Amino acid sequence: MSQRNKPGKVDAVAALYWQIEHMSRHILPLPTTEFVFHEKRKWRFDLCWPGENIRVGIEIDGGIWSRERSGHQGAGHIRALRKGNDAILSGYRVLHFIP
């Protein structure tokens, strides 16, 4: 399969958002997109329920199979771990998905 035909992060977010929208009719409100949860570092979740009763952040980890564009190598992986730890310490449950 060529790189051009592979589903990307945008496709994964759209599919996940559709599933969440379908779920929200029965269970949850719609999530906020690109929600900034850390004002100082400007860290954000791809999708988030930032409420008082529900504090869930969703990350779509794109580019995990691409060596040249991956944010999960070396320093990028360390930043992702720090971001995740800060989110958890701020009271969020974080779910990770891949496209």
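Computed from a prediction, not measured in an experiment: that's the story for all the values here.

Conventions adopted
- Residues numbered from 1 in each chain as written.
- Predicted model: local features only at pLDDT ≥ 70, side-chain atom pairs only at ≥ 80, totals over all residues.
- Heavy atoms only, no water.
- Phe/Tyr/Trp six-rings, centres within 6.5 Å; stacked < 30°, edge-to-face > 60°.
- Buried < 20%, exposed > 50% of the residue type's maximum accessible area, 1.4 Å probe, protein only.
- Lys NZ or Arg CZ within 6 Å of the ring centre and 35° of its normal.
- Core = buried A, V, L, I, M, F, W, Y, C linked by side-chain atoms within 4.5 Å.
- Helix = DSSP H or I, 4+ residues; strand = E, 2+ residues; numbered from the N terminus.
- Contact = heavy atoms within 4.5 Å.
- Pairing = 2+ DSSP bridges.
- Axes fitted to C-alpha atoms, helices over the stretch in contact; angles between N-to-C directions.
- Expected span 1.5 Å × (residues − 1).
- Arc of directions from axis to C-beta.
- Salt bridge = Lys/Arg side-chain N within 4 Å of Asp/Glu carboxyl O.

Undergrad: Tell me about the packing of aromatic side chains, and please be specific about residues and values.
TA: Tallied over the entire structure, the rule returns four aromatic pairs. Between F37 and W43 the ring centres are 6.4 Å apart and the planes differ by 35°, which places this aromatic pair in the tilted class. Summarising the burial analysis for this pair, F37 and W43 share the class buried. Taken together, F37, W43, F45 and Y92 form an aromatic cluster joined through their ring pairs. The ring of Y92 has R55 sitting right over it, with the charged end atom 4.2 Å from the ring centre.

Undergrad: Describe the nonpolar core, naming the residues involved and giving the relevant values.
TA: Side chains of a nonpolar character, in soluble globular proteins, are inclined to be buried together. Ranked by size, the top nonpolar core spans nine residues in total: A12, L16, I20, L28, L47, W49, V56, I58 and I60. Mapped onto this core, the elements with two or more residues apiece are α1 (9–24), β2 (43–50) and β3 (55–60). Setting aside anything within four residues of it in sequence, one finds I20 in contact with P31, L47, W49 and I58. F37, W43, F45 and A87 belong to the second largest nonpolar core, which has six residues in total.

Undergrad: Run through the sheet that holds β3, naming residues and quoting values.
TA: Hydrogen bonds between backbone atoms are what pair the strands of a sheet, whose relative direction is either parallel or antiparallel. Pairing within the open sheet is mixed, and its four strands lie in the order β1-β2-β3-β4. On the outer flanks of this sheet lie β1 (32–38) and β4 (93–97), each paired with one strand and no other. Each strand of the sheet is rotated relative to its neighbour by a mean of 45°, with strand direction disregarded. Relative to β2, β1 runs antiparallel, the two being bridged by five bridges. Within the sheet, the bridge partner assigned to T33 lies in β2 and is L47.

Undergrad: Any chance you could break down helix α2 (residues 75–89) for me, citing the residues and the numbers?
TA: Compared with an ideal rise of 1.5 Å per residue, which puts 15 residues at 21 Å, α2 spans 21 Å between its outermost C-alpha atoms and is within 8% of the ideal. Inspection of α2 places G76, K83, G84 and A87 among the buried residues, and these make up the whole buried set. Each buried residue of α2 lies within a common arc of 95° when the element is viewed along its axis, so the set occupies one face. Within α2, the exposed residues directed more than 90 degrees away from the buried face are R82, I88 and L89. In this structure, the buried residues of α2 make contact with β1, β2, β3 and β4. The positive-phi residue at the C-terminal boundary of α2 is G91, with phi of around 100°.

Undergrad: Would you mind going over the pattern of salt bridges in detail, with residue names and values included?
TA: In a structure, side chains of opposite charge can pair up when their charged atoms sit close to one another. Taken as a whole and judged by the stated rule, the model has three salt bridges. In this structure, E59 engages K83 in a salt bridge whose closest nitrogen and oxygen atoms are separated by 3.1 Å. Linking E59 in strand β3 with K83 in helix α2, this pair joins segments that are 24 residues apart in sequence.

Such coordinate-based values are descriptive only and should not be taken to indicate function.
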